[in-house]
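Given next are the chains, with one letter for each unit.
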Amino acid sequence: MSALPGSAEGTAVTGLDSSPVEPAPLDLPPLTEQARLEARQIIARYPKARSALLPMLHLVQSYQGYVSPEGVALCAEELGLTKAEVGAVATFYTMYKRRPTGRHLVSVCTNTLCSVLGGQRIMDALSADLGVHHDETAADGSITLEHAECLAACDYAPVVTVDYEFYDQQDVDSARELVAALRRGEKPPPTRGAPLTDFKGISRQLAGFSQHGDAAAAQAAIDAPGALGPTLVGLRLAEERGESAPEMPSSRSTAASSSPDPAAEAAGVESAQRGAPEPSGRSLADQNDGTETPAGTEPGTTGQGPFREGLTCPSLPSSPPAGAPRSRGGCRPTSRWRATPRSAPRCP
């Protein structure tokens, strides 16, 4: 990758943001005592406190719009971690933002299928309209724009999400209209999923708290209609054609097919007996195989000699007999002498 670390291009390609956390802006909302109490509620959900770090970082974003230095400090204090440990997690996942975000986070999938169908053209058009690049916020604070490597919705490509809610099968014109509506303060309904709120609201929900003001709004989000047409096309066509998946084999036939052939198993045992010839197709090691150091002379092997099944063979000499073919590291493996790398020759 040629892009510089920390650059917008580098972050878009690798998914890793190595730029420093920016200082808090002067108008940043403070983390209140209520935020600390909610952080402790999150911790109480887990048997080990540090497991609560991920939702706690979302909680910080729900208050301040990004993981601020103050938020890092709060997580570290409540979990008994160092700021470096918290920062290591916050800088790994792209869902944790390192600079203040806009009211809405617009993510454009530029991975293979979406890109082929127009995702990159959408990204370029929105970038020009907003005057920003990847992970930058429009001057009016309305939109933070980012590349997304994959939004796991290839059957709906090209895909754009707003605060992680899906707007499917977009093109340049529809994406521009969507962003223009968001900048006017409108909240167009997603193609599927819950009604749109904003980035802080969805961060609160990811932290495990309701982002809705009352039970009716929460119920409406659960019951929001969805469009699953592209995903269900295959199922619909199969029903129309009377097609179905083949039946699963019974457990008895599966067990029978997986059990080893007794004759083959016996042949394998026999071939493993000492002195059995090499199986057909298997060639002996090349005469140049081996090490440059004679067996038993490298550091840490003093006193080691030839052995048979883990026991020494005093009846055999410590070196091959005269006339035995040699390689660089000792004798050529034969039916009697088998050289093993960096060890003494083995008895047959």
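Use the structure listed above.
Residues numbered from 1 in each chain as written. Predicted model: local features only at pLDDT ≥ 70, side-chain atom pairs only at ≥ 80, totals over all residues. Heavy atoms only, no water.

**Quick word on the overall build of the chain**
Secondary structure summary: the chain contains 13 helices and nine strands in total. Burial statistics for the chain: of 348 residues in total, 37% are counted as buried. Of the contacts formed within the chain by residues at least 6 apart in sequence, a portion of 65% connects residues at least 24 apart. Entry remark: accessible area of the chain is about 20,300 Å², with carbon and sulfur atoms responsible for 56%. (Helix = DSSP H or I, 4+ residues; strand = E, 2+ residues; numbered from the N terminus. Buried < 20%, exposed > 50% of the residue type's maximum accessible area, 1.4 Å probe, protein only. Contact = heavy atoms within 4.5 Å. Areas by Shrake-Rupley, 256 points an atom, 1.4 Å probe, with all protein chains shown as cover.)

**Comments concerning the pattern of salt bridges**
Throughout the structure, instances matching the rule amount to eleven salt bridges. The salt bridge partner of Glu-77 is Arg-36, with a shortest N-O separation of 3.3 Å. Separated by 41 residues along the polypeptide, Glu-77 in helix 4 (residues 69-79) and Arg-36 in helix 2 (residues 33-43) bring together distant segments of the chain. Accessibility expressed as a relative area gives 54% for Glu-77, which makes it exposed. The shortest N-O distance in the salt bridge between Arg-183 and Asp-140 comes to 3.1 Å. Taken together, the positions of Arg-183 in helix 8 (residues 172-183) and Asp-140 in the loop between strand 2 (136-137) and strand 3 (143-148) put the pair 43 residues apart, joining distant regions of the chain. You can call Arg-183 partly exposed: its relative accessible area is 35%. Each of the salt bridges in this network shares a partner with another, and the network as a whole consists of Arg-36, Arg-40, Glu-77 and Glu-78. (Salt bridge = Lys/Arg side-chain N within 4 Å of Asp/Glu carboxyl O.)

**Some thoughts on the side chain of Lys-97**
With respect to the helices and strands, Lys-97 occurs in the loop between helix 5 (83-90) and strand 1 (104-109). Here Lys-97 falls in the buried class, since its relative accessible area comes to 5%. Separated by 2.7 Å, the side chain of Lys-97 and the backbone oxygen of Thr-94 make a polar contact. Residues in contact with Lys-97, not counting those within four places in the same chain, are Gln-61, Tyr-66, Val-67, Leu-105, Glu-146, Tyr-164 and Phe-199. (Polar contact = N/O pair within 3.5 Å; in protein donor to acceptor, adjacent residues only side chain to side chain.)

**Looking at the packing of aromatic side chains**
By the definition in use, this model includes two aromatic pairs. Ring geometry for Phe-92 versus Tyr-93: centroids 4.9 Å apart, planes at 80 degrees, classification edge-to-face. Here the aromatic rings of Tyr-93 and Tyr-96 are separated by 6.1 Å at their centres, their planes lie at 85 degrees, and the arrangement is edge-to-face. On the basis of relative accessible area, Tyr-93 is assigned to the partly exposed category, the value being 39%. Joined through ring pairs, the aromatic side chains of Phe-92, Tyr-93 and Tyr-96 make up one cluster. (Phe/Tyr/Trp six-rings, centres within 6.5 Å; stacked < 30°, edge-to-face > 60°.)

As far as function goes, none of this settles anything; it's purely spatial.
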